[in-house]
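Read off the chains here:
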Amino acid sequence: MCIRDRYSPSYPSLAKDAAFSPSMVYTKRDILEITSQAKRYFIKIVPEIDTPSHTRAIGLHEPLRKLLTCFDTRRTVEIKGYGRVRGGPPEGVLDPTMNETYAFMKNALKDVFGYFNWDMVHLGGDEVLEECWDSKKSIKKFMDDNGIRDYKELLGYYIERLRKVVKDINPSKKTIQWITPHESKVKYGEDQILQYWGNSKNLKDVYTRFPKNKVIMSPNDYAYLDCGYESPYGRNCWCGEFKTWAHMYRFEPTDFGIPKENILGGEVCAWAEVMNNDNLENKLWPRSAAYAAAFWEQRRPEVPDLVSLATALNSFSHILKSRGIRTSPITGEYCERATKECFSKYP
C-alpha cells in the first residue's frame, strides 16, 4: 500500500517516489472511507506491511536505499520455446542488522497505526532471498559477532526485533506472520498469529512446532485464487491447477490435528502479479464464499451436498451482481436453472 505523500508524515516523499503513478496510491480519504464502511459491517481491515522481503519500493526513495540489499538484482526467467528473459522487478530485501532499518519501520508503522486502529497488523516475513543477505559482508560479520548461525536464525532475529518495535508503539497490538515449512525453523513468540500458506499436508507440522500459536489457514492447494492461471511471463502458474469452488469447499480445517481453539480462521489469497481491476472480482467470487463456508459450517459429510452448495453459490452470485459486483459463473445456464437435476448424486 502507498499512502499519498502529504498524509505520510514520517516520509512525505516515499509514496510519490515508489508508486507506479500518482493515481495508484491510497489517500487519507480513501482509507477513512474503507475503514468506516468496514466498521459498519463489523469487518476488520488488517494492513500488511510485508518485510523484510518484497521491499524494493522503499529503496526508490533515495534516502532509504541504503537499507536495502539486492536493490538492482534480478532473477532471470526461463520461458519454454523463448529462452531466458531478464524478468522483473528487481529484488529488494531489508538489511536486518542496521539500526536504521528498525527506526524506519517504527516510523512507518506509527503512520499505519494512525489509519488502522484495530488490534492486529500483518508483518509478512515470507520469501526472504537468503542470497541477498549473503551478498553483504557486514551482514555476515554481524552474524558472526552475535552467534547467529544461519539465515533462518537471522530472519528470526529480525521478526523478534520488529515485534518489539510494534509492542513499543502499542503493547496490545497483535502481529501476524506468514509461515511455511521453510520458515518453521524460525522462533515465533507465542502471542504471534501464524498464517500458513504452504501445502495443506504440512499444516499439522505448524501445530507440532508452535502448539500455542493461533493459526490462519491459507494453504496454497486450496486457498490460492491465482492457481491455474498464467504467470507474469506466460508460463503456467507455480501452484498448479485451478482451485474450483467444489474443491475449496472440501477443505476441512479440523483434519490436521490443530485444536479448534488454535484456528483463528481461513483466508483466500488473490495475488496481483496478473490481476487488476478488470479481473479481480471475477477471480474472487463466488469461489471465496465456498472456502468461507468450509470454516463457518460444522464438519461436513465426507461427500458434501453439492446441490445445496451450488444453489447457495448461485444465489450469492445473483446478490453480488445486483450490487454491481462482477462474479464468475460456477456452472452453465442449464444447470443453474436445474441445479437439483445436475448436481444430485447419481445412484
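The text that follows walks through the structure, step by step, so that each part is easy to find.

As for the packing of aromatic side chains
Alright, step 1. Per the counting criterion, the structure on display carries 18 aromatic pairs.
Alright, step 2. An angle of 70° between the planes, with centres 5.3 Å apart, marks the rings of Y188 and F210 as edge-to-face. One end of the pair, Y188, is in the loop between strand 7 (174-179) and strand 8 (193-196); the other, F210, is in the loop between helix 8 (203-209) and strand 9 (215-217), with 22 residues separating them in the sequence. Each member of the pair, Y188 as well as F210, is classed as buried.
Alright, step 3. Ring centres of W197 and Y224 lie 6.4 Å apart, and the angle between their planes is 15°; on these two criteria the pair is classed as stacked.

With respect to the state of the cysteines
Alright, step 1. In this structure the tally under the stated criterion is 3 disulfides.
Alright, step 2. Here C70 is linked by a disulfide to C132, with a sulfur-sulfur distance of 2.2 Å. Taking the sign of the torsion about the S-S bond as the criterion, the disulfide between C70 and C132, at about -110°, is left-handed. Remark: C132 occurs in helix 5 (residues 130-134) and C70 occurs in the loop between strand 2 (68-69) and strand 3 (77-79); sequence separation between them is 62 residues.
Alright, step 3. Overall, C70 belongs to the buried group, its relative accessible area being 11%.
Alright, step 4. Between C227 and C239 runs a disulfide, and the two sulfur atoms are separated by 2.1 Å.

So, unusual backbone geometry
Alright, step 1. Between T51 and the following residue, P52, the backbone shows a cis peptide bond with an omega angle of 5°.
Alright, step 2. With a phi angle near 60°, C70 is a residue other than glycine that sits in the positive phi range.
Alright, step 3. Even without being a glycine, E127 presents a positive backbone phi close to 50°.
Alright, step 4. One can find E127 in the loop between strand 6 (120-124) and helix 5.
Alright, step 5. Of the residues examined, E127 reaches a relative accessible area of 40% and is grouped as partly exposed.

Focus: the packing of helix 6 (residues 137-145) against helix 7 (residues 151-169)
Alright, step 1. As a packed pair, helix 6 and helix 7 sit with axes 11 Å apart at the nearest point and diverge in direction by 85°. By the criterion of interaxial angle, the relationship of helix 6 to helix 7 is roughly perpendicular. Two secondary-structure elements touch here, helix 6 through I139, K140, F142 and M143 and helix 7 through Y151, L154 and Y157.
Alright, step 2. The residue inventory of the contact of helix 6 with helix 7, partitioned by class, reads 6 nonpolar, no polar and 1 charged.

With respect to the nonpolar core
Alright, step 1. F104, L109, W133, M217 and Y291 are the most contacted members of the largest nonpolar core, which has 61 residues in total.
Alright, step 2. If near-sequence neighbours (up to four positions away) are discounted, F104 is found in contact with Y11, L14, I58, L64 and L67.
Alright, step 3. Counting 11 residues, the second largest nonpolar core, distinct from the first, contains W245, V307, L309 and A310.

Conventions used here
Residues numbered from 1 in each chain as written. Predicted model: local features only at pLDDT ≥ 70, side-chain atom pairs only at ≥ 80, totals over all residues. Heavy atoms only, no water. Phe/Tyr/Trp six-rings, centres within 6.5 Å; stacked < 30°, edge-to-face > 60°. Helix = DSSP H or I, 4+ residues; strand = E, 2+ residues; numbered from the N terminus. Buried < 20%, exposed > 50% of the residue type's maximum accessible area, 1.4 Å probe, protein only. Disulfide = S-S within 2.5 Å. Axes fitted to C-alpha atoms, helices over the stretch in contact; angles between N-to-C directions. Parallel < 35°, antiparallel > 145°, perpendicular 65-115°, else oblique. Contact = heavy atoms within 4.5 Å. Nonpolar A, V, L, I, M, F, W, Y, C, P; charged D, E, K, R; others polar. Core = buried A, V, L, I, M, F, W, Y, C linked by side-chain atoms within 4.5 Å.

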